[in-house]
Amino acid sequence: MTEAPRSQFLSLHLLETLVAVLPVRDENGQPKSLVYGGAERHMITSQARRRAERVYARNRANAGLGPLAGRSMGIRTREWALLTARELESAHGWEREEAVATARAVIEASGLKFGDPSKKTVAHLTKVLIFAPADAGSRIAGHIAGNADDLRAWRDGYLLVQAEALRKSRRPARKKSDAGPPPEEESATAEPAATRPPPLPKATRDAVLLAIAPRDAVDIALYGRFLAEIADSPNVDGAVQSGHAFTVHEAEQIDDFYAAADDARLDRKRNALSFLDAADDAGAGMTGYQSLISGTFYRHAVLDRTQLRVNLRIAGMTEDEAEEAAADAEKEFVNGFVEAFPEAKKNSTASTGSLPALVLAFEGERPYNYAAAFQLPVDESPESAGGEGPAGPAAVRRLLRHHAFVSRRREDLRTSRILTYDPRIDALLQEPGLSASATVVERAEDLTP
């Protein structure tokens, strides 16, 4: 059994400089921003960062890499009916159409809402994303295959009632008339009132709820989940708290005009027999604008070690198992916080290759957010002109001085560690008193004791 953590919370603070990127966009395709300290700042939302970190950890675990190698992980998707159907096909020999219809009916009858069945694009997708262990589809498929005869009979009745209700909902309403009751022949052929669909067998519903329950998926224990549609399916209070990243200085944005070439048109132009033919194929194939941002960003996250262990114990782990899993999850969380990056426009901006200028990690009995250090935007004017110089070094000085100031007043702060991937920042750390309250480390795994 590993040694119990000394403090409940692990606080992480990071400074990174990004150039000509667009990791997140608003509904209009523009960079997201906020106003802080009277100045507009660029913002990278915590949702984008959390997903990047979660997927990074999952992919490494599934590939047999990192501290969580081989452990159960989750998938957040609307396609659980399709995943279940695929398993029914591949592992149990069902036909595609029957597999999809059965999987959708079983999952829907368990309490999850699906899209409009008349629209092929959403008919087999749940209305909300469901974050569940990756093997949930195969577990549901295994139960369906093991009770195939009973569930086929139930499915036929369920779909019949559903189809009848759908048909009646689409029938045009009769216009009001004073002509009296409907003709006798119409009354004789009137359809019976819709009946309620047959209830899903309790054993099947229990199997579905167990399959989509958080169980031992480590990333669900870390990041939590909320499922309101099924009251008796447990929610998880995440152990990770994340803040939006924002620039330490005023927002800097460019609208980049681009022209995309049409290869076929250029080939014709290159092989034209006269200048008139070449002129017909002149010009770009497509033009447009994209907004790009640059700047030094501050971001912050906290790991609640107690909540993480509670989540793992609730999932069914023993105390020793939960302690071991929590220690591994903490290492991978710290690694993901440093390494992972949202992948939007990664091919055109190479944004995912960025490395942080500084990472500060420390323990405490409560979370600590140092956003206040940057309420006054960094003045990037030369120091000779009264400014603070480049935003990166200036932000490092502010963050570490802020931490040293707080540390002198808070006895619970301990085991402070610093990591940098910037040689200029490494040299800066030699300034008197700047890193005195922390230990400088050279690897991300050394940021947590």
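Shown above is the structure to which this text applies.
None of the values given here were measured: they were computed from a predicted structure.

K.L.:
I'd love a proper account of the overall build of the protein chain, names of residues and values included.
P.N.:
Per the secondary structure count, the protein chain includes 15 helices and 12 strands. Over its C-alpha atoms the protein chain spans a radius of gyration of 29 Å, topping by over 25% the 22 Å that the globule rule assigns to 449 residues. A total of 449 residues make up the protein chain; the buried ones form 43% of that total. Of the roughly 23400 Å² that the protein chain leaves accessible, carbon and sulfur atoms contribute 50%. Charge centroids of the protein chain, computed over 57 positive and 65 negative side chains, lie 3 Å from each other.

K.L.:
Report on the pairing of strand β9 (residues 286-304), specifying residues and quantitative values.
P.N.:
In terms of burial, β9 is largely enclosed, as 15 of its 19 residues are buried. As paired elements, strand β1 (residues 9-21) and β9 share 11 bridges and run antiparallel to each other. Residue pairing for β9: leucine 10 is matched across the bridge by leucine 303. Looking at chain direction, strand β6 (residues 240-242) and β9 are connected through 3 bridges and run antiparallel. Bridge pairing in β9 links glutamine 241 to valine 302. Here strand β7 (residues 245-247) pairs with β9 via 2 bridges, running antiparallel.

K.L.:
Go over a negative patch on the surface with me, naming the residues and quoting the values.
P.N.:
Together, Glu40, Glu250, Glu252, Asp379 and Glu380 line one region of the surface with negative charge. With respect to the helices, strands and loops of the structure, glutamate 250 is situated in the loop between β7 and β8 (252-260).

K.L.:
I'd like a rundown of helix α5 (residues 148-170), residues and numbers included.
P.N.:
Taking 1.5 Å of rise per residue, the 23 residues of α5 would be expected to cover 33 Å, and the 32 Å separating its terminal C-alpha atoms lies within 8% of that figure. Of all the residues in α5, the buried ones are Ala148, Leu151, Trp154, Arg155, Tyr158 and Val161. Each element contacted by the buried residues of α5 is listed here: α3 (96-109), α4 (136-146) and α7 (202-212).

K.L.:
Quick one: what's the story with the environment of arginine 313, residue by residue and with numbers?
P.N.:
Tracing the sequence through the fold places arginine 313 in helix α11 (residues 305-314). Given a relative accessible area of 42%, arginine 313 falls into the partly exposed group. A C-alpha to C-alpha distance of 9.0 Å links arginine 313 and aspartate 216, two positions 97 residues apart in sequence. Excluding its chain neighbours within four sequence positions, the residues that come into contact with arginine 313 are Thr318, Glu319 and Ala322. Within the local environment of arginine 313, its side chain forms a polar contact with the backbone oxygen of methionine 317, the two atoms lying 3.0 Å apart.

K.L.:
Describe the packing of aromatic side chains, with residues and values.
P.N.:
Inspection of the entire model under this criterion finds 7 aromatic pairs. Ring geometry for tyrosine 298 against phenylalanine 374: centres 5.3 Å apart, planes inclined by 40°, an arrangement best described as tilted. With tyrosine 298 in strand β9 and phenylalanine 374 in the loop between β10 (358-364) and α14 (391-407), this pair connects stretches of sequence that are 76 residues apart. Overall, the relative accessible area of 1% leaves tyrosine 298 in the buried class. Under the relative-accessibility criterion, phenylalanine 374 is labelled buried at 0%. Ring geometry for phenylalanine 333 against phenylalanine 337: centres 6.5 Å apart, planes inclined by 45°, an arrangement best described as tilted. Remark: phenylalanine 337 and phenylalanine 333 occur in helix α12 (residues 319-339); sequence separation between them is 4 residues, near one turn of the helix.

K.L.:
Please provide a residue-by-residue account of the side chain of glutamate 108, values included.
P.N.:
Residue position: glutamate 108 is located in helix α3. Apart from the residues within four sequence positions on either side, glutamate 108 is in contact with Phe114, Tyr158 and Gln162.

Criteria and thresholds
- Residues numbered from 1 in each chain as written.
- Predicted model: local features only at pLDDT ≥ 70, side-chain atom pairs only at ≥ 80, totals over all residues.
- Heavy atoms only, no water.
- Helix = DSSP H or I, 4+ residues; strand = E, 2+ residues; numbered from the N terminus.
- Rg over C-alpha atoms; globule rule 2.2 N^0.38 Å.
- Buried < 20%, exposed > 50% of the residue type's maximum accessible area, 1.4 Å probe, protein only.
- Areas by Shrake-Rupley, 256 points an atom, 1.4 Å probe, with all protein chains shown as cover.
- Lys, Arg positive; Asp, Glu negative; His and termini not counted.
- Charge placed at Lys NZ, Arg CZ, Asp CG, Glu CD.
- Pairing = 2+ DSSP bridges.
- Patch = residues over 30% accessible without salt bridge, like charges linked within 9 Å, V, L, I, M, F, W, Y side chains within 5 Å.
- Salt bridge = Lys/Arg side-chain N within 4 Å of Asp/Glu carboxyl O.
- Expected span 1.5 Å × (residues − 1).
- Contact = heavy atoms within 4.5 Å.
- Polar contact = N/O pair within 3.5 Å; in protein donor to acceptor, adjacent residues only side chain to side chain.
- Phe/Tyr/Trp six-rings, centres within 6.5 Å; stacked < 30°, edge-to-face > 60°.

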